[in-house]
Structure formats: C-alpha cells, structure tokens
Amino acid sequence: AVGAAAVAAAAASEEKKKAAKSRFMFNIADGGFTELHSLWQNEERAATVTKKTNEIWHRRHDYWLLAGIIQHGYARWQDIQNDVKFAILNEPFKGEMNRGNFLEIKNKFLARRFKLLEQALVIEEQLRRAAYLNMSEDPSHPSMALNTRFSEVECLAESHQHLSKESMSGNKPANAVLHKVLKQLEELLSDMKADVTRLPATIARIPPVAVRLQMSERNILSRLASRGPETQTQTQQQ
C-alpha cells in the first residue's frame, strides 16, 4: 500500500511538472497604448468558452506569427503558412477554405495583425527605454488627456449600463439619472473631440520607427529576418 501511494504521489508530481512546463507565457507590455490586450482578453475568453484554442486566433497565435517572421522574414506570409512548424496559424482560417479569395483573406489578416503587434512592440521598447532613462510622462500631452478622458467615458458607461433597462421599465428616478449620465458622456466626448484635433500636429513631430529604435531600416529588416540562438531555444521550448 505504501509503495502504491508513493507511485501515485510520484505520478501526480510528474503531472504537475508537465502542466507547469506546458503553461504558455507570452506578453507584450505596451502600457495599454494599443488595443492588443483588450483583443487578447476577448479572444482568450472566446477560445476558453468554446474550447477551440487553436481555431480562434488569440495570444498563442501571435507568438507563433512573430516566431514565423523571425525565421522566414518580414511579410513572408506564404512561407510561414507553408512551414509545418507554424501549422497552428492556419487553424483559424479552415472555415474560409472554400472561398475564392481564401489566401487573400489570410494574408490581409496576418498583415493587419502583425502591424498591431509591431506597434505594440515598438511602444514596449519605448517604455523600456523611458524607464531606463528615468523619463516621466507629460500630463499636459494631448494623447495623455485623450487617454484619461477615454477611461472616464468607459468607466461611466460601464457603471451605469443598467440604467437603460430600468428606465425602459418605467423607473422614473433611473430615467433622471440616465439623463444626467448621458449629459456627462456628451461633455466628455466633446472634450475628446477637442483633444483629437490637436493630435495630428503632435503625431507629425513623432520621429519614424527607425529613428526611435536608433536602427536603420536595413538593420531592422535584418534583425527580423535572422534567427538567433536565443530565438531557436525559445521556439523549441514552446
């Protein structure tokens, strides 16, 4: 009996090790400046509920998309899709295979998705460098004001979303509160509109990606196309 218990304990320990080893870890710390993490949350929820972790595009697919670009080169979508190591990237598109423009749908999605990932990675690097140089945010910057007001709009809308149902059911106090909330939302949106008008001039002063990374375009493409030993190890581990 003691021997059987020991074997069972050893098996359970081995299972825990396997689970810990297979746990997927991947993140891009973009500071909430892109929609990436909101997308990840929604996609992860959908994949978990439906148990279609390969068929619904989410964080894991983004990891393998970046790994494919590192191995095959920038925008080499067809080469990536044809590589068996990156077969997971074809899973979300199996339902579209009968459409005449199947390849075009896939390639356009991959290009759009990579653009978002690229933007998030650039921001992550900028935030890392800002932290290294001990730089602080400028609260008067138009983008910061816009981000703050967007958070206020989101919080206000979420905290009072129940009022519409209560108002429709004839609740007069709820109707009065809903009216005030809508007025607040209108004022916030008006302020956001003013912030947006100031953004083009601000964005125009932002240097290109190559300048911000302090790398030439040739070097950036070379880094994306080359496959270093660290990347090979990471891909094998995943």
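Residues numbered from 1 in each chain as written. Predicted model: local features only at pLDDT ≥ 70, side-chain atom pairs only at ≥ 80, totals over all residues. Heavy atoms only, no water.

## Structural notes on the side chain of His58
Phase 1: Position of His58 relative to the elements: it lies in the loop between α2 (36–50) and α3 (59–72).
Phase 2: We classify His58 as buried; its relative accessible area is 3%.
Phase 3: In this structure the side chain of His58 is engaged in a polar contact, spanning 3.4 Å, whose partner is the backbone oxygen of Thr53.
Phase 4: Ignoring sequence-local partners within four residues, the contact set of His58 consists of Trp40, Glu43, Glu44 and Thr53. (Helix = DSSP H or I, 4+ residues; strand = E, 2+ residues; numbered from the N terminus. Buried < 20%, exposed > 50% of the residue type's maximum accessible area, 1.4 Å probe, protein only. Polar contact = N/O pair within 3.5 Å; in protein donor to acceptor, adjacent residues only side chain to side chain. Contact = heavy atoms within 4.5 Å.)

## Regarding the nonpolar core
Phase 1: Among the nonpolar cores identified, the biggest contains 24 residues, and Phe26, Ile28, Leu36, Trp64, Leu65, Trp77 and Leu89 are the most heavily contacted of them.
Phase 2: Of all elements in the fold, only α2, α3, α4 (77–82) and α5 (102–132) reach the threshold of two or more residues within this core.
Phase 3: Discounting chain neighbours no more than four positions away, the residues touching Leu89 are Trp57, His61, Trp64, Leu65 and Ile80.
Phase 4: Residues Val153, Leu156, Ala174 and Leu178 belong to the second largest nonpolar core, which totals 11 residues. (Core = buried A, V, L, I, M, F, W, Y, C linked by side-chain atoms within 4.5 Å.)

## Some thoughts on the pattern of salt bridges
Phase 1: Under the defined criterion, the tally for this structure stands at nine salt bridges.
Phase 2: Of the charged contacts in the structure, one is a salt bridge between Arg128 and Glu125, with a shortest N-O distance of 2.9 Å. Placement of the pair is Arg128 and Glu125 together in helix α5, with a separation of three residues, close to one helical turn.
Phase 3: Each member of the salt-bridge network shares a partner with another, and the members are Glu43, Asp62 and Arg113. (Salt bridge = Lys/Arg side-chain N within 4 Å of Asp/Glu carboxyl O.)

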